[in-house]
Amino acid sequence: MMTILSTLSVVLALLPYMISASPSSSSSSPSFVRIPLSRPGTSKTAGSFAHTADALRLKHGYEPATKNFAKGKRDSSTEVSLQDIKDLTYYATITTGTPPQSFDVLLDTGTTDFWIGTEACTTCGSVSPLFDTTSSSSFKTLTSAANITYNARTVSGMIAQDTITLGSFTVAQQTFPINPVFSVAVNHSTNTLANGISGIMGLAFRPASAFDEAPFWENLVNNNQANNVMSFHYTRAEDNPSNGGAFVLGGTDSSLYIGQIEYQPVPEPQGPTPNYWQLPVTALTVQGKSISVPTGNAIIDTGSPYLAAPTEVVQSLYAEISGSQPLTGSNAGFYAYPCSTDVQVTISFGGTAWAINPKDMNLGTIDLSGDSGSPGSDSGSGSGSSSSSSGSGTGPMSGIEVRASSQMCVGGIFDIGKSDARFSISPSWIIGNVFLKNVYTVLEGGIPPNVGFAKLAGDSSTQTGTHLPGAASSNKASNLLALLVPVVAGVMATFF
């Protein structure tokens, strides 16, 4: 009897702590800060969506569709350029060094390390500001030369430390490599920084670091400066031209979502020592029809503009869209479909079927008439050039400037392709901004870590999905209470 009473007293004593352990809404706590997000200006250009997709493939252990991509060379095929990428990329402003130097960086949950272009970089180009290490009194070189393996590639550079500040949070000795940045912040056809973005702040976990260093957010948690929660809210440019959204470090902001946050645990083998924020994809529909999905995890990647899926899934998805066709050449892996079609897609990670707005599925128009403007052609000028264009795209990106009469649009879900044998484990899906613009995303670094989604507040244009029977509850503490209370009551009824 005494043992039972002791057990009950321990359970009841722990309940308040279990409840308070769930992610909290915004408050005046110093461990919480909201960072405004911005989009690159419309005058800044990116490489083609195909080159961005190849950067993502290489980043996550897949072979690029363009044979010369890994060598930093353009394929001979004509490309379709995104002249206006305002709905593809979101960035935040940080400061580095003493006195602080300001830079715009990509917040990337698909990688761990912090990267910054420096004035010593000979290939970074002149589009983006570069970090002047000689002007920082707090800058410290840890190694004069190092070979860093990143995304199956080895780059030479230096490992350094300096003060990094994001909002009101500062890490005095953040370790990072100083070398050209390798991710979607780079124009891979020239290996230069793109769109005014000077670097990347990785937000994955330490085991994914190229040189075994804790990311910025983990350093804050380890120093008891912030809670182990971060959240993202992206806006659509046509709905909110001046505001890209918000990144909340250390918590969530209840003004940005409605209802409860639906959490799913990061599955094993990630578990207690994860590399990335991953979830299994459990269901997918297009135009109301279910698509068979293979077993495999999806990486939640805020550094990705698009959504990548396994080959068989992409083929089945576009087969349900009348008039769709695969693109070829350097655009291989993407599909085009009639612009008059509203593509309705939902995706589930074990609970709610979250919908992707048709606006986000449509990357803009593309000319498929053949000749010089056709993707995959080996001659002529790209369809992004003024000589081959008579109008601008119809999608929210509206930057694939092509012949408006073509009436074919590029889909935002592409074929992830073939995995690279040099990688032991690669995600089956890449969940980027095509999806993330439609939900409030919460990442909680507990044991195990959790990924949560919630319905956006104040966005009537966003379809937010349907709650499925048996979906996991969004309140982990309430789940725990629901389990424990009957146990406690049963024991008490038995012995008292």
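Note: the structure precedes this text.
Residues numbered from 1 in each chain as written. Predicted model: local features only at pLDDT ≥ 70, side-chain atom pairs only at ≥ 80, totals over all residues. Heavy atoms only, no water.

Engineer: Would you mind going over the sheet that holds strand 15 (residues 283-286) with me for this structure?
Structural biologist: Picture the strands of a sheet paired through backbone hydrogen bonds; they go either parallel or antiparallel. Read from one edge of the open sheet, 4 strands run 16-15-21-22, paired in antiparallel fashion. Among the strands making up the open sheet, the edge pair consists of strand 16 (289-291) and strand 22 (353-356). Averaged over all pairs of adjacent strands, the angle between their axes in this sheet comes to 30°, without regard to strand direction. When strand 21 (residues 345-348) meets strand 22, the two strands line up antiparallel, connected through 4 bridges. Following the sheet pairing, valine 345 is matched in strand 22 by isoleucine 356. (Pairing = 2+ DSSP bridges. Helix = DSSP H or I, 4+ residues; strand = E, 2+ residues; numbered from the N terminus. Axes fitted to C-alpha atoms, helices over the stretch in contact; angles between N-to-C directions.)

Engineer: What exactly am I supposed to notice about the state of the cysteines here?
Structural biologist: Cysteine pairs can be covalently joined through their sulfur atoms, and such a bond is termed a disulfide. One pass over the full model with this rule turns up 1 disulfide. There is a disulfide in this structure between cysteine 339 and cysteine 409, and the S-S distance comes to 2.0 Å. With the S-S dihedral at roughly 110°, the linkage between cysteine 339 and cysteine 409 falls on the right-handed side. Taken together, the positions of cysteine 339 in the loop between strand 20 (335-338) and strand 21 and cysteine 409 in strand 24 (residues 408-411) put the pair 70 residues apart, joining distant regions of the chain. One exposure class covers both cysteine 339 and cysteine 409, and it is buried. (Disulfide = S-S within 2.5 Å. Buried < 20%, exposed > 50% of the residue type's maximum accessible area, 1.4 Å probe, protein only.)

Engineer: I tried to follow helix 4 (residues 311-319) on my own but got confused; where do I start?
Structural biologist: Within an α-helix, residues lying three or four positions from one another point in the same direction, as the helix has 3.6 residues per turn. Turning to helix 4, its buried residues are Val313, Val314, Leu317 and Tyr318. Projection of helix 4 onto a plane perpendicular to its axis shows the buried side chains occupying an angular sector of 120°, all on one side. (Arc of directions from axis to C-beta.)

Engineer: Would you explain the environment of tyrosine 263 in this entry?
Structural biologist: Tracing the backbone through its elements, the reader meets tyrosine 263 in strand 13 (residues 257-265). In the structure, tyrosine 263 is positioned 87 residues away from glycine 350 in sequence and 9.6 Å away in space, judged by C-alpha atoms.

Engineer: Help me understand the packing of aromatic side chains, please; the structure alone is not making it clear to me.
Structural biologist: The geometry of an aromatic ring pair is captured by the separation of the ring centres together with the interplanar angle, meaning the angle of the planes. Enumeration over the complete set of coordinates arrives at 18 aromatic pairs. On the basis of an interplanar angle of 70° and a centroid distance of 6.3 Å, the ring pair of tryptophan 354 and phenylalanine 453 is categorised as edge-to-face. Of this pair, tryptophan 354 sits in strand 22 while phenylalanine 453 sits in strand 28 (residues 450-456), placing them 99 residues apart in sequence. The pair tryptophan 354 / phenylalanine 453 is uniform in exposure class, with both members buried. (Phe/Tyr/Trp six-rings, centres within 6.5 Å; stacked < 30°, edge-to-face > 60°.)

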